[in-house]
Structures are given as C-alpha cells and as structure tokens.
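Per-entry structural report
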Amino acid sequence: MKSLGEIVRQRRLGKNLTLDQLAILIDSSKSYLSKLENNHIEKPKPSTLRKIAKQLDMEYNELVMHSNYVDKDTMSWKLPSATYYEIDSILEDKKNIIMVQGKILEKGEREKLLKMVQLLFDLE
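Below or above, wherever it landed, is the structure these notes cover. Fair warning: this is a prediction, and the values are worked out from it, not measured in the lab.

Describing helix α1 (residues 4-14)
Considered for burial, the residues of α1 that qualify are L4, G5, I7, V8 and R12. Projection of α1 onto a plane perpendicular to its axis shows the buried side chains occupying an angular sector of 165 degrees, all on one side. Contacts from the buried residues of α1 go to α2 (19-25), α3 (30-37), α4 (46-55) and α5 (60-66). Of the residues one or two after α1, N16 is the one with positive phi, at around 55 degrees.

Structural data, given as structure tokens:
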C-alpha cells in the first residue's frame, strides 16, 4: 500500500500543482508539504488532511487510511456489500436511523437517497 506522502505527491502532480502552490492553498509551507510527501510527517493534523483532501479533490477518509492514525496491518480492507433489496429495506424501515456526514436524514432526504439507490441499481 502506498504511503500518505506518495498518495499526496501523486495527486498533487496529477493536478499540476507545485509544492508552493499547494502550500498556499492549504495555508501551510512548502517545507511542511515536502516533509509530508517524503514521509517525515506520519500523523498530520486532521485539519491539514481535510485541507489537502479538499484541494486535491480527494476523500478525507482516504488520506486518513494512508496515515498512521490507522493500524493498517490489523485493519480489514474488505468492503461491505449489500443487494438493492437490503438497502431498500434499510431505507424504508422508519426505525432505522440513517446518517450522512453525521446528520440524521429526515423523511424527504431518505426518499431522495432511496431514489438515488434505485437509479444506481437501474431499477426504475
């Protein structure tokens, strides 16, 4: 698995950004980013990871997974899976609390999510 530094460098170069440019965008220094990309900083502040993720169009969680906040050796990388009907029943059961980014979805939002799932599974 690639290191956090490798991931950041690869994405930064893919976006044609210099260290100076990214440093300005995340309100940091070129020196700090260089240390990060060369794996001399193992656990950057979560707020810094959020800024980097935003500027590089990445998921914050992806950066966390590549940092030393997570013990990668003991982590299971198997992604959960579910069929449409399992997802459908979860969304339709009003007793289930559905949260997105820490916010509980209200009835209308649940209905929108269900429609998106239906479109994803091409069921309409």
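From this point on, the discussion continues.
Re the packing of aromatic side chains
According to the stated counting rule, one finds zero aromatic pairs in the structure shown. Of note, R50 hangs over the ring of Y60, and the distance from its end group to the ring centre comes to 3.8 Å.

Let's talk about the nonpolar core
By size, the foremost hydrophobic cluster in this structure holds 19 residues, and its most contacted members are V8, L22, L33, L36, I52, L56 and L63. Only α1, α2, α3, α4 and α5 provide two or more residues apiece to this core. If near-sequence neighbours (up to four positions away) are discounted, L22 is found in contact with V8, R12, L17, L33, Q55 and L56. The next biggest cluster of nonpolar side chains, apart from the first, holds five residues, and it includes L91, L105, L114 and V117.

Some details on the pattern of salt bridges
Scanning the model with the defined rule gives three salt bridges in all. With its nearest N and O atoms 3.4 Å apart, the salt bridge here joins E37 to R9. Within this pair, whereas E37 is found in helix α3, its partner R9 is found in helix α1, the two being separated by 28 residues in sequence. The buried category is assigned to E37, whose relative accessible area is 2%. Between K15 and D57 there is a salt bridge, and its shortest N-O distance comes to 2.5 Å. A residue pair is termed long-range when its members are at least 10 positions apart, and K15 in the loop between α1 and α2 and D57 in the loop between α4 and α5 qualify at 42 residues. Here the salt bridges share partners, and the residues they tie into one network are R9, R12 and E37.

So, how was this worked out
- Residues numbered from 1 in each chain as written.
- Predicted model: local features only at pLDDT ≥ 70, side-chain atom pairs only at ≥ 80, totals over all residues.
- Heavy atoms only, no water.
- Buried < 20%, exposed > 50% of the residue type's maximum accessible area, 1.4 Å probe, protein only.
- Helix = DSSP H or I, 4+ residues; strand = E, 2+ residues; numbered from the N terminus.
- Arc of directions from axis to C-beta.
- Contact = heavy atoms within 4.5 Å.
- Phe/Tyr/Trp six-rings, centres within 6.5 Å; stacked < 30°, edge-to-face > 60°.
- Lys NZ or Arg CZ within 6 Å of the ring centre and 35° of its normal.
- Core = buried A, V, L, I, M, F, W, Y, C linked by side-chain atoms within 4.5 Å.
- Salt bridge = Lys/Arg side-chain N within 4 Å of Asp/Glu carboxyl O.

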